[in-house]
Amino acid sequence: MFKNKETFKEAFIEKLATVHGTTLDLATDMEKYTALGNLIRDYITQKWIETNNQYMKNNQKEMYYFSLEFLLGKLLGSNLLNLGIADACKEVLQELDIDLDMIENMESDAGLGNGGLGRLAACFLDSLASLQLPGHGCGIRYKYGLFEQKIVDGYQVELPDNWLKFGNVWEIRKPDKAVEVKFGGNIRTEISDGDMVFIHENYDSVLAVPYDTPIVGYENNTVNTLRLWSAEPSTKDFDFSSFSRGDYMKAVEYKYSVEAISQVLYPDDSNFENKILRLKQQYFFVSAGLQSIIRRYKKKHKNFFSFADRIGIHINDTHPVLAIPELMRILMDEEGLGWDEAWRITTSTISYTNHTIMSEALEKWPVDAFKSLLPRIFMIINEINERFCKEAWNRYAGDWDRIHHMAIIADGYVKMAHLAIVGSYSINGVAKLHTKILRKEVMKDFYEFFPYKFNNKTNGITHRRWLLKANPSLASLITDTIGPSWVQHPHDLIKLTRYADDASVLEKLYKIKMENKQLLSSLIKNKYDITLDTASIFDVQVKRIHAYKRQLLNVFHIMDLYNRLRENPDLDIAPRTFIFGGKAAPGYYIAKLSIKLINTLASIINNDKTIKDKIKVVFLENYNVSLAEKIFPASDVSEQISTASKEASGTGNMKFMMNGAITIGTMDGANIEITEEVGNENIFILGLTSDEVLNFYRYGGYNAWDIYNSDARVKMILNQMINGFLPDEKEQFRNIFNYLLYNNDEYFVLKDFASYVDTQNRLEQKFKNKNKWYKMSANNIAHSGKFSSDGTIHEYAVGIWKIDPTHISE
Ligand code: 26Q
């Protein structure tokens, strides 16, 4: 197909004809996109089949990454890149007068995730395939991904994300591989051949239909699989005999209740909501995924003795934790194994990553609802709990408190994190500090019980999407400077440190940053009609809106700067552009109000002639993977200012760094490891440490009013929330005032304010020296190799999964 330009052109034109019945001159951009997508998918399919055959033949261990979220973004560009045909493709299309970038833009983002956790899963898939590792994804094919955000009158409004509207060229529906998932009903026990058997009766049946998406490795012929499950009415239940008996309405109701399972991604991030449909989603895809894994396993193996040597299942947070009891169920009830054997297999198959220490994010389901939705699964969890509590009793006889704390079922709830810890062989945090806090605080009792299970795997990002694809001019500069080895071995980026004093390299770095800032500025000009100064500091905070991430701290710095400028319009500051982006959970009042606050400020500041354009504020609507790819390359400053101890890792921090932005941040999550890598002279650290924060939580000693009363800047800013300074018809900003002062500022925004402003001032002085700034920038890029997800995945593969690379021949 890609032998030469002419065969490629012919194939493309033929696709236009066969897929759309159209010709080059008549085709719309969307038709061109789908034709090209189809063509590329065909090309991938050969490699995909070969990869599957090899895996089947080799009889080696394969890993499945179970996740309720895969935030993939667009695939055309990354597939072309990984196939090594991006440049060729661009050229050929150019000859046909087609702009590849424009065509790529026609694709919808696969936004099947909320934020960090979902994007991590996507980066991991890319790295697995690029390291030639047999690792696949398993999740839900949501009909609607994370909502589309519109800003109306400064407020966030949520619209459905109908990402499949024009079809999806990458997926292949596999109806013949559908499996049945059972909900509700009751369990009848029977003695058969002297054994107790469990018979599930009166259940509701749901058909799980898989859609497979190829995951292409970087120039290596490996194509792994992301299998996403869609819920459909099972023909067994939804048949027209009920229709003819007059149960038409019932049949339709049943259809919709089934389809609801894979209808939409829950938009709550770091906040557990007790919604039974969410539990249904979890069991649905876990059960379907396990059934299909076991069916494949049985094609090659007569018994389950070596199951755990052939299959690894990783659960992304507790969302897929029902894999533990479900695997037990299948092994015992369907495959006839005894408890002990099933337990040995299960606990050597499943590994678990924790992504949060925030108690409000920990999943726990009420026993009653759980039991009626999943009666057999509940019985199994109950048995796991009883056996575990007995073991704990043997060790801590009499210590009821401790055992109560550790129980999987207690106080009327099923505690999913406890189930995950007891039923898996590995538990990892996602950055050094996070893992330390898990060991020493949040999961202390469990760490004492199972110290050998706990380990750290610091997160990473794929440098292919976030540098090679997102920032091609920077990638070229790096290759021109240190050679191309960094593409395969991102640690080689360290060679750039040799050029951190090379004026000509720094000058080029500067030019590239300016070009990228210009590109983003044009986008902003077109969409919002705001004119930006590309010489200003592009100071960027893009991430989910959440109190602990402290967008408010950023806002208060802007307000302080603005107050200073109003006082003295001639104040000599480096001009700044403050850029925000991110979605708030639809029910999260303070987060949504923060968006309104940013937009209100933006309209005041951007229209205030007296400050002579020295500061601008922009809120970018609908932050998603594609927009992120445009933002990171254009950023000077990366805002990573979470309350220390709260951000498990962060991964945006790594994407900024890799694109040469300088971090201003707290000693939290992976910021600590970024600091270790780049050194204190290449990062701006502010605020309380996690120990200080944890001590305040433990022993008290902080009073938000004290700061309000002692820092005139803070008083002024908070008063501006209530004194009419901000247009605020409904007097809502008073709620920010109240939230901070009457809740005693739970995330220490006021406490860290002074330190943050000081640090911003230091940063500004550094920016004024272009040479010093770009030296820092070069050093950040040079040290970002450590945060490639290739390294992270290598560590998972060796340290947890024990999977080996397989070379796939052409
Ligand atoms: C749970 C129950 C019900 C509804 C929703 C949820 C839910 C959904 C998404 C809970 C949590 C999430 C997402 C969490 C998340 O993205 N955590 C982030 O994970 C990143 C990858 O490890 C880290 O870098 C971030 O620090 C962490 O916040």
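Residues numbered from 1 in each chain as written. Predicted model: local features only at pLDDT ≥ 70, side-chain atom pairs only at ≥ 80, totals over all residues. Heavy atoms only, no water.

Undergrad: Provide a residue-level description of the side chain of T346, including the pertinent values.
TA: Inspection of the secondary structure puts T346 in helix α12 (residues 339–349). Beyond its immediate chain neighbours, meaning those up to four positions away, T346 contacts I324, L327, M328, L331 and G423. (Helix = DSSP H or I, 4+ residues; strand = E, 2+ residues; numbered from the N terminus. Contact = heavy atoms within 4.5 Å.)

Undergrad: Which residues make up the side chain of T34, and what values go with them?
TA: Relative to the assigned elements, T34 resides in helix α2 (residues 29–58). When its relative accessible area of 8% is taken as the criterion, T34 is described as buried. A distance of 2.5 Å separates the side chain of T34 from the side chain of H20, its partner in a polar contact. T34 has contacts with H20 and V169, leaving out every residue within four places of it along the chain. (Buried < 20%, exposed > 50% of the residue type's maximum accessible area, 1.4 Å probe, protein only. Polar contact = N/O pair within 3.5 Å; in protein donor to acceptor, adjacent residues only side chain to side chain.)

Undergrad: Any chance you could break down the pairing of strand β2 (residues 70–73) for me, citing the residues and the numbers?
TA: Burial of the side chains of β2 extends over both faces: F70 and L72 are buried on one face and L71 and G73 on the other. As paired strands, β2 and strand β3 (residues 110–112) are joined by 2 bridges and run antiparallel to one another. If you follow G73 over to β3, its bridge partner there is A110. (Pairing = 2+ DSSP bridges.)

Undergrad: Go over the pattern of salt bridges, please, and point to the residues and values.
TA: Oppositely charged side chains are able to pair whenever their charged atoms sit close together. The final tally for this structure, using the stated rule, is 53 salt bridges. Between E201 and R188 there is a salt bridge, and its shortest N-O distance comes to 2.4 Å. Within this pair, whereas E201 is found in strand β10 (residues 195–201), its partner R188 is found in strand β9 (residues 186–192), the two being separated by 13 residues in sequence. Overall, E201 belongs to the partly exposed group, its relative accessible area being 22%. Note that R329 is salt-bridged to E334, the shortest N-O span being 2.8 Å. Residue classification places E334 among the partly exposed residues on the basis of a relative accessible area of 46%. By sharing partners, the salt bridges in this structure join K5, E6, K9, E91 and E95 into a single network. (Salt bridge = Lys/Arg side-chain N within 4 Å of Asp/Glu carboxyl O.)

Undergrad: How would you sum up unusual backbone geometry? Please name residues and give values.
TA: The phi angle at E219 is positive, at roughly 45°, despite the residue not being glycine. For E219, the position within the fold is in the loop between β11 (204–216) and β12 (223–233). Overall, E219 belongs to the partly exposed group, its relative accessible area being 48%. At K802, a position not held by glycine, the phi torsion is positive, near 55°. Here K802 lies in the segment after α34 (789–801).

Undergrad: Just give me the short version of the sheet that holds strand β20 (residues 537–542), but keep the residues and values in it.
TA: Judged by pairing direction, the sheet is parallel, and its 6 strands sit side by side in the order β22-β21-β20-β23-β24-β25 without closing on themselves. Strands at the two margins of the open sheet, each flanked by one partner only, are β22 (615–620) and β25 (684–685). Pairing analysis gives 2 bridges linking strand β24 (residues 662–665) to β25, with the strands arranged parallel. For G665, the partnering residue across the bridge sits in β25 and is I685.

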